[in-house]
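Spelled out, the chains give:
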Amino acid sequence: MRYSGVLLVGLLCAQNILSMGARLGFYRSQFLSPTDRNSTLTTLSPTYRSGITGFLSWGWSEYFATGLEIGYQGVGQKFYGVGFRGESYTSEVSLNYLRLGVGFQPQYAQDSWGIWASLAPGLSLLTRSDLNFSGDTLAQGTLIMPQIARRVLNYLEKSTNPEDRLLPVRMYRRVVPTLSVSGGLRVRLAPTVWVLGLFYYERSFGDMEKKGYKIPGDESPLYSRERKPVRYQLTGIQVGLQYEVSIRP
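Rules used in this analysis
Here the residue numbering is sequential within each chain, running from 1 through the sequence in written order. Local features in a predicted model are, by the rule used here, given only for residues with pLDDT of at least 70; side-chain atom pairs are given and counted only at 80 or more, and totals for whole chains, interfaces and linings are based on all residues. Water and hydrogen atoms were dropped before computing side-chain values, which therefore reflect all heavy atoms in the structure. Secondary structure elements follow DSSP: runs of H or I no shorter than four residues count as helices, runs of E no shorter than two count as strands, and numbering proceeds from the N terminus. Each residue's exposure class comes from its accessible area (1.4 Å probe, protein chains only) as a fraction of the maximum for that residue type: buried when under 20%, exposed when over 50%, partly exposed otherwise. For accessible areas, the Shrake-Rupley method is used with a probe of radius 1.4 Å. Any residue's cover is judged against the shown protein chains and nothing else. We define a nonpolar core as any set of buried Ala, Val, Leu, Ile, Met, Phe, Trp, Tyr and Cys residues linked to one another through side-chain atoms lying within 4.5 Å. Every residue pair with non-hydrogen atoms within 4.5 Å of one another is taken to be in contact. When DSSP finds at least two bridges between two strands, those strands are taken to pair. Between the N-to-C directions of two axes lies an angle of 0 to 180 degrees, each axis being a line fitted to C-alpha atoms and, for a helix, fitted only over the stretch in contact. In this analysis, rings of Phe, Tyr and Trp, with Trp reduced to its six-membered ring, are considered paired at centre separations within 6.5 Å, and the interplanar angle assigns stacked below 30 degrees, edge-to-face beyond 60, and tilted for intermediate values. Charge-over-ring placement is defined geometrically: NZ (Lys) or CZ (Arg) within 6 Å of the ring centre, and within 35 degrees of the ring normal. The pocket and cavity definitions rest on a 1 Å grid over protein atoms only: a 1.4 Å probe that fits but cannot leave marks a cavity, an open set with protein on both sides within 12 Å along at least five of seven lines marks a pocket, and residues lining either have an atom within 4 Å of a point. Grid points are joined across faces, edges and corners, and a volume is the space filled by probe spheres set on the points. For this scheme, ten residues count as nonpolar: Ala, Val, Leu, Ile, Met, Phe, Trp, Tyr, Cys and Pro. Four count as charged, namely Asp, Glu, Lys and Arg, and the remainder, Gly too, count as polar. Pairing of N or O atoms within 3.5 Å defines a polar contact, subject to two protein rules: one partner must be a possible hydrogen donor and the other a possible acceptor, and residues neighboring in sequence count only if both atoms are side-chain atoms. Multiply 1.5 Å by the residue count of a helix minus one, and that product is the helix's expected span.

*Asks:* Help me out: how do you make sense of the overall build of the protein chain in this one?
*Replies:* Helix and strand counts for the protein chain stand at four helices and eight strands. From first element to last, N terminus to C terminus, the protein chain shows the α and β order α-β-α-β-β-β-β-α-α-β-β-β. Across the 249 residues in the protein chain, those meeting the buried criterion constitute 43%. For the protein chain, the accessible area works out to roughly 13000 Å², and carbon and sulfur atoms hold 63% of it.

This is the structure we're talking about:
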């Protein structure tokens with residue numbers, strides 16, 4: 001413990017700049033699902049989501065900082081196609097995540113402008129899940145997401161157990177690893193305040209879906225064995241404010 005305390009004090013003394021701020025994002029969202037993308041029964045269409053990210057970082061020099069990020073954002077995917085009776089259908093999955101990350105931030109500044117970037121590995125924690133399906137019915141199955149969503153919604157329509165309302169959350173993993181990258185320009189608004197304009201990219205790793213999950217009272221898994229791992233991807237822009245102050249004379 002004594003050596004840990006000495007190391008912590010040493011790290012704090014090595015810092016030059018304290019930086020904090022928030023970024024508002026506008027994203028194009030899609031699921032990276034080989035099974036859905038290769039199916040002839042459905043077509044994928046991206047959705048558009050927003051999110052907000054707060055950050056606190058400590059600068060080792062005027063060119064590099066490390067810190068923490070916390071954000072809240074939505075991801076989603078739309079599906080459409082022709083159903084069992086030859087009529088069209090639409091389906092959508094909407095998920096909300098609380099994202100926690102560790103940011104590595106290279107930066108550069110001139111008098112009134114500069115460059116700012118962040119590479120942030122982290123974890124996304126699922127907080128909400130919504131499923132929608134409308135239009136023609138689909139052939140029975142659990143291979144593609146519209147079939148799965150329809151099966152879940154049919155079950156919920158008949159269920160009288162309040163606990164079953166959590167099924168759209170339980171069918172997904174509560175925590176998934178992620179990596180986000182942002183970068184762009186910053187313009188000085190005041191001596192210690194910058195306006196940020198950034199491009200943004202984020203994706204998850206592993207599998208968002210809990211493949212072994214079973215609907216209560218059903219012996220077969222909700223997902224087909226042939227369904228491959230699903231990940232999400234966000235691309236878009238962020239605008240925000242950064243407050244930066246020197247903590248050493």
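*Asks:* Just to check I follow, could you spell out the nonpolar core for this structure?
*Replies:* Where a protein is soluble and globular, its nonpolar side chains tend to be buried together. Counting 33 residues, the largest nonpolar core has Leu95, Met171 and Tyr172 as its most contacted members. Among the secondary structure elements, those contributing two or more residues to this core are β1 (17-32), β3 (64-82), β4 (88-109), β5 (113-135), α3 (145-158), α4 (167-170) and β8 (231-246). At six residues, α3 tops the list of elements feeding residues into this core. Residue contacts for Tyr172: discarding those within four places in its chain leaves Val93, Leu95, Leu126, Ser129, Leu131, Met145, Met208, Glu209, Lys210 and Tyr223.

*Asks:* I'm lost on the sheet that holds β4 in this one. Help?
*Replies:* Pairing in this closed barrel of eight strands is antiparallel, and the strands run β1-β2-β3-β4-β5-β6-β7-β8 around the ring. Neighbour-to-neighbour, the strand axes of this sheet turn through a mean angle of 20°, independent of strand direction. When β1 meets β8, the two strands line up antiparallel, connected through 16 bridges. The partner of Ile17 across the bridge, within β8, is Ser246. This element, α3, spans β3, β4 and β5 of the sheet and lies at about 55° to β5.

*Asks:* What is the right way to read the packing of aromatic side chains from this model?
*Replies:* Where two aromatic rings form a pair, the distance of their centres and the angle of their planes describe that pair. On inspection of all chains with the given rule, the structure shows six aromatic pairs. With a centroid separation of 6.4 Å and 10° between ring planes, the pair formed by Tyr63 and Tyr108 is classed as stacked. Of this pair, Tyr63 sits in the loop between β2 (43-61) and β3 while Tyr108 sits in strand β4, and the two are 45 residues apart along the sequence. Given the relative accessible area of 32%, Tyr108 is considered partly exposed. Taken together through their ring pairs, the aromatic side chains of Tyr63, Tyr108 and Trp113 make up a single cluster. Above the face of the Phe205 ring, Arg203 is positioned so that its terminal group lies 4.8 Å from the ring centre. We note Lys211 situated over the ring of Tyr223; from NZ or CZ to the ring centre the distance is 5.4 Å.

*Asks:* It is not clear to me how the pairing of β4 should be interpreted in this structure. Could you clarify?
*Replies:* The side chains of a regular strand alternate between both faces of the sheet. Here β3 runs beside β4; their pairing, made up of 19 bridges, is antiparallel. Looking at the pairing, Leu68 lines up with Val102 of β4. Joining the antiparallel neighbours β3 and β4 is a turn of five residues, in which Gly86 adopts a positive phi near 85°. Where β4 lies against β5, 17 bridges are found, and the strand directions are antiparallel. If you follow Thr90 over to β5, its bridge partner there is Ser134. Linkage of β4 to β5, two consecutive antiparallel strands, is achieved through a turn of three residues.

*Asks:* It is not clear to me how the layout of surface pockets should be interpreted in this structure. Could you clarify?
*Replies:* Of the volumes computed, that of the largest pocket is approximately 190 Å³. Lining the largest pocket are Thr137, Leu138, Ala139, Gln140, Gly141, Thr142, Gln147, Arg150, Arg151, Asn154, Tyr155 and Lys158. Considering only residue class, the lining of the largest pocket consists of three nonpolar, six polar and three charged.

*Asks:* In this structure, what is going on with the side chain of Gln30? I would like to understand it.
*Replies:* Structurally, Gln30 can be placed in strand β1. Take Gln30: its relative accessible area is 14%, and that puts it in the buried class. Look past the residues within four positions of Gln30 in its chain and what remains in contact with it is Arg37, Gly76, Gln77, Arg231, Tyr232 and Gln233.

*Asks:* What should I look at first to understand the side chain of Thr42 in this one?
*Replies:* The residue Thr42 is located in the loop between α2 (34-38) and β2 in this model. Residue Thr42 is classed as buried on the basis of its relative accessible area of 5%. Polar contacts involving the side chain of Thr42 include one to the side chain of Tyr89, which spans 3.0 Å. Among residues more than four places away in sequence, those in contact with Thr42 are Asp36, Phe79, Tyr80, Tyr89, Ile144 and Pro146.

*Asks:* Mind showing me how you'd approach α3 here?
*Replies:* Since the α-helix advances by 3.6 residues per turn, residues separated by three or four positions end up pointing in the same direction. Along its 14 residues, α3 runs 20 Å from first to last C-alpha, staying within 8% of the 20 Å computed at 1.5 Å per residue. Buried within α3 we find Met145, Pro146, Gln147, Ile148, Ala149, Val152, Leu153 and Leu156. As for α3, its buried residues are in contact with α2, β3, β4, β5 and α4.

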